[in-house]
Protein chains: 2
Amino acid sequence: MIEIPPSGSLFAPVARTGTGEDITALLTTPNVRIERIVSTGQASPPGFWYDQNESEWVVLLTGGAGLRFDSETNVRELKPGDYLHIPAHARHRVEWTHPSEPTVWLAVHIR
Amino acid sequence: MIEIPPSGSLFAPVARTGTGEDITALLTTPNVRIERIVSTGQASPPGFWYDQNESEWVVLLTGGAGLRFDSETNVRELKPGDYLHIPAHARHRVEWTHPSEPTVWLAVHIR
């Protein structure tokens, strides 16, 4: 018989232990890693760019964020429900996240 | 230069053309297929069980649903934010979806 893992909630409270973003791995397979990320006002450090070997599909579920790509001049404003596919090595940074509401992201990292 | 695809919204209106569930492929790679599914009261037909070759990670974002596994007697009630990993060949069916609100699912099918 196939065992079904228990369900969980993306909106479960964060077990807060520090001042950084809270990252919870929800599923890890050889090809995919699904994470919940909760930001509380964090932004990428000045001059920092993510440059990832894997592509990432991400959706913002609560709060809000400004995402900038190195190849673009504008900041993309993401509101709840907005999703985006970030190709591998597309340099990007988080300019801001919502100052008062938790910003819940669901990220799917794909090999 | 890496081209960044445009963003979209999980809560974008459904282009309704029939009476069935609305399924939109959001990302397709060799290993992963991400879909938005919008149910409006549908349930699996009596006696029907999904039996999938791929595993599926699914989260319910709006509305509600009752999910039943063949290996369990109870119906799992899913509310917004609830996620679940459905292993390949774990027979399951949707007993009900919310009768009046759209039920938006995000499904990640994994090879």
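Right above here is the structure, for reference.
Residues numbered from 1 in each chain as written. Chains lettered and ligands numbered in written order. Predicted model: local features only at pLDDT ≥ 70, side-chain atom pairs only at ≥ 80, totals over all residues. Heavy atoms only, no water.

Novice: I keep staring at the packing of aromatic side chains and nothing clicks. Help me out?
Specialist: Aromatic rings in a pair are described by how distant their centres are and how their planes are angled relative to each other. Residues and elements named next belong to chain A. Scanning the model with the defined rule gives 4 aromatic pairs over all chains in all. Here the aromatic rings of Phe48 and Tyr50 are separated by 5.0 Å at their centres, their planes lie at 85°, and the arrangement is edge-to-face. Classification of Phe48 as partly exposed rests on a relative accessible area of 35%. On the basis of relative accessible area, Tyr50 is assigned to the partly exposed category, the value being 28%. (Phe/Tyr/Trp six-rings, centres within 6.5 Å; stacked < 30°, edge-to-face > 60°. Buried < 20%, exposed > 50% of the residue type's maximum accessible area, 1.4 Å probe, protein only.)

Novice: Please clarify how the interface of chain B and chain A should be interpreted in this entry.
Specialist: Many descriptions give the size of an interface as the accessible area lost when the pieces come together. Taken residue by residue, the interface counts 38 residues in chain B and 38 residues in chain A. The junction of chain B with chain A conceals about 3,200 Å² of combined surface from both sides, 72% of it contributed by carbon and sulfur atoms. Sorting the residues of chain B by area buried against chain A places B:Ile4, B:Trp57 and B:Tyr83 first, and these three jointly supply 19% of that buried surface. Between chain B and chain A we count 0 salt bridges in total. Along the contact surface separating chain B from chain A lie 8 residue pairs in polar contact (both at pLDDT 80 or more). Elements supplying a minimum of two residues to the side of chain B that touches chain A: strand S1 (8–9), strand S2 (22–28), strand S3 (32–39), strand S4 (55–62), strand S7 (82–86) and strand S9 (103–110) of chain B. (Contact = heavy atoms within 4.5 Å. Buried area = accessible area lost by both parts, 1.4 Å probe. Salt bridge = Lys/Arg side-chain N within 4 Å of Asp/Glu carboxyl O. Polar contact = N/O pair within 3.5 Å; in protein donor to acceptor, adjacent residues only side chain to side chain. Helix = DSSP H or I, 4+ residues; strand = E, 2+ residues; numbered from the N terminus.)

Novice: Explain the nonpolar core here, please?
Specialist: Soluble globular proteins tend to pack their nonpolar side chains together in the buried interior. Counting residues in hydrophobic clusters, the biggest one holds 28 residues, and the most contacted among them are A:Trp57, A:Leu106, B:Trp57 and B:Leu106. Those elements giving two or more residues to this core turn out to be strand S2 (22–28), strand S3 (32–39), strand S4 (55–62) and strand S9 (103–110) of chain A together with S2, S3, S4 and S9 of chain B. Dropping the residues within four chain positions of it, B:Leu106 is found in contact with A:Trp57, A:Val59, A:Leu106, B:Leu10, B:Leu26, B:Ile34, B:Glu35, B:Trp57, B:Val58, B:Val59 and B:Leu61. (Core = buried A, V, L, I, M, F, W, Y, C linked by side-chain atoms within 4.5 Å.)

Novice: Teacher, can you tell me more about the sheet that holds strand S7 (residues 82–86) of chain A here?
Specialist: Hydrogen bonds along the backbone pair up the strands of a sheet, which may run parallel or antiparallel. One open sheet accounts for 6 strands, arranged S2(A)-S3(A)-S9(A)-S4(A)-S7(A)-S1(B); its pairing is antiparallel. Looking at which strands have only one partner, the edges of the open sheet turn out to be S2 of chain A together with S1 of chain B. Inspection of the sheet shows S4(A) paired to S9(A) by 7 bridges, in the antiparallel sense. If you follow A:Val58 over to S9(A), its bridge partner there is A:Ala107. (Pairing = 2+ DSSP bridges.)

Novice: Just to check I follow, could you spell out the pairing of strand S5 (residues 65–69) of chain A for this structure?
Specialist: The side chains of a regular strand alternate between both faces of the sheet. All names here are of chain A. With respect to burial, S5 is a largely interior element, 4 of its 5 residues being buried. As defined by bridge partners, S5 adjoins strand S6 (residues 75–78) across 4 bridges and the pair is classed as antiparallel. Residue pairing across strands places Arg68 opposite Val75, the latter belonging to S6. Between the antiparallel neighbours S5 and S6 lie 5 residues. In terms of strand pairing, S5 meets strand S8 (residues 92–97) through 5 bridges, oriented antiparallel. Looking across to S8, one finds that Leu67 is bridged to Val94.

Novice: I tried to follow the pattern of salt bridges on my own but got confused; where do I start?
Specialist: Where charged atoms of side chains with opposite charge meet at close range, the side chains can pair. On inspection of all chains with the given rule, the structure shows 16 salt bridges over all chains. Between B:Lys79 and B:Asp82 there is a salt bridge, and its shortest N-O distance comes to 3.5 Å. The class for B:Asp82 is buried, based on a relative accessible area of 7%. Counted as one network, the salt bridges with shared partners bring together A:Arg33, A:Glu35, A:Glu54 and A:Arg111.

Novice: Explanation requested: the environment of B:Arg111 in the structure shown.
Specialist: As for its placement among the helices and strands, B:Arg111 is situated in the segment after S9. When the C-alpha atoms of B:Arg111 and B:Thr29 are compared, they prove to be 9.9 Å apart, with 82 residues separating the residues in sequence. With near-sequence residues (within four places) excluded, B:Arg111 lies in contact with A:Asn31, B:Thr29, B:Pro30, B:Asn31, B:Arg33 and B:Glu54. At a separation of 2.3 Å, a polar atom in the side chain of B:Arg111 contacts the main-chain carbonyl oxygen of B:Pro30.

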